[in-house]
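Structure at a glance
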Amino acid sequence: MRGLNLDQLHAFADVIELGSFSAAATRQNLSQPAISQQIRQLEDRLGVRLIERVGKRAMPTPAGQALLDRVGEIDASVQNALDAVAGFARGTIGQVRIGTGATACIYFLPKVLEQLQRRFPGLEVIVRTGNTSEVLKSIEENSLDIGLVTLPAAGRSLDVTPVLTDPFVAIFAEGADVPDQIGPTDLVDMPLVLYERGGHTRTIVDDWLRAAGIVGNSIMELGSVEAIKELVGAGLGATILPAMGARLGRTQFPIKTRPLVPGLARQLALVVRRDKVLGRGLREVRNSLMTAARDWPTA
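Residues numbered from 1 in each chain as written. Predicted model: local features only at pLDDT ≥ 70, side-chain atom pairs only at ≥ 80, totals over all residues. Heavy atoms only, no water.

1. Some details on the overall build of the protein
Scanning the protein from N- to C-terminus turns up 10 helices and 11 strands. Structurally, the protein occupies a C-alpha span of about 75 × 50 × 30 Å along its principal axes. By sequence separation, contacts in the protein at least 24 residues apart represent 72% of the contacts at least 6 residues apart. Counting every atom, the protein has about 15,300 Å² of accessible surface; 52% of that belongs to carbon and sulfur. Across the protein, the centroid of the 33 positively charged side chains sits 6 Å from that of the 32 negatively charged ones. (Helix = DSSP H or I, 4+ residues; strand = E, 2+ residues; numbered from the N terminus. Contact = heavy atoms within 4.5 Å. Areas by Shrake-Rupley, 256 points an atom, 1.4 Å probe, with all protein chains shown as cover. Lys, Arg positive; Asp, Glu negative; His and termini not counted. Charge placed at Lys NZ, Arg CZ, Asp CG, Glu CD.)

Structure below.
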């Protein structure tokens with residue numbers, strides 16, 4: 001349709017998401033009359049009313065909801081077009097936005113990114129961390145191009161490819177007197193320093209304990225793997241973390257690891273939109289991530 005304006009679409013989506021014209025104006029650093037004008041122009045172009053007020057909140061009309069459901073697809077198509085021509089710019093092969101969890105960002109990605117930078121100095125890579133649901137939402141909205149996330153991960157618009165099995169291990173201060181293998185009952189009376197709630201990693205650990213009828217004495221819950229290991233090394237408790245983040249010799253205080261019985265592992269997967277155009281930059285990033293996952297030590 002001639003004259004369809006992306007700025008007007010984004011103004012409309014922001015008004016609905018935030019519930020008011022003033023909040024949308026603040027987000028876009030515009031005046032409220034400017035936002036109102038964009039919405040009027042969009043409604044005039046489409047010939048329908050898109051927004052109505054329910055109480056004090058701006059809500060979509062049925063026509064507005066139909067349009068809102070497709071804004072992400074429109075953004076994805078535009079970004080795909082930009083990605084497709086990015087490789088023709090002098091000295092570049094495009095920009096790739098990666099989303100992943102904190103553990104993979106610290107221990108898995110750096111070597112991959114270093115190799116990519118060396119091979120493709122014209123490739124710009126942007127990394128954002130978050131839990132699986134946050135990364136998936138951003139991929140669906142096309143604000144991220146690819147994700148490395150902990151399964152389960154699902155979405156009708158998403159292509160999910162499992163690439164790596166990462167076992168969990170128990171971690172203790174070096175001087176702790178613990179058996180060679182750790183089961184849930186071994187942790188009954190131990191203070192635990194665990195990863196924060198809300199992500200798949202914590203859910204996997206909680207489910208493992210709960211299956212044995214153990215609640216676990218969680219005295220601290222943190223979002224930093226490095227901080228958890230430091231506190232454990234200092235003798236403040238024990239923890240269970242993915243082996244990816246349990247490498248020895250990286251903490252101020254020495255630690256030791258033990259395998260879990262029954263065994264516990266998380267599955268990592270690469271996620272992209274099904275309709276995503278795999279430009280050269282994104283292809284190279286995806287291939288590098290898959291190669292690194294294939295070669296990653298799992299024992």
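2. Remarks on the pattern of salt bridges
Counted according to the given criterion, the structure contains 16 salt bridges. Between Lys 276 and Asp 145 there is a salt bridge whose closest N-O contact spans 2.8 Å. Taken as a pair, Lys 276 in the loop between strand 11 (265-273) and helix 10 (280-295) and Asp 145 in the loop between helix 7 (132-140) and strand 5 (146-150) lie far apart in primary sequence, 131 residues in all. You can call Lys 276 buried: its relative accessible area is 8%. Judged by relative accessible area, which is 3%, Asp 145 ranks as buried. The closest approach of N and O atoms between Asp 275 and Arg 273, which form a salt bridge, is 2.8 Å. On the basis of relative accessible area, Asp 275 is assigned to the partly exposed category, the value being 39%. In this structure Arg 273 comes out as buried when scored by relative accessible area, which is 6%. In this structure, a network of salt bridges that share partners links the residues Arg 197, Arg 202, Asp 206 and Glu 221. (Salt bridge = Lys/Arg side-chain N within 4 Å of Asp/Glu carboxyl O. Buried < 20%, exposed > 50% of the residue type's maximum accessible area, 1.4 Å probe, protein only.)

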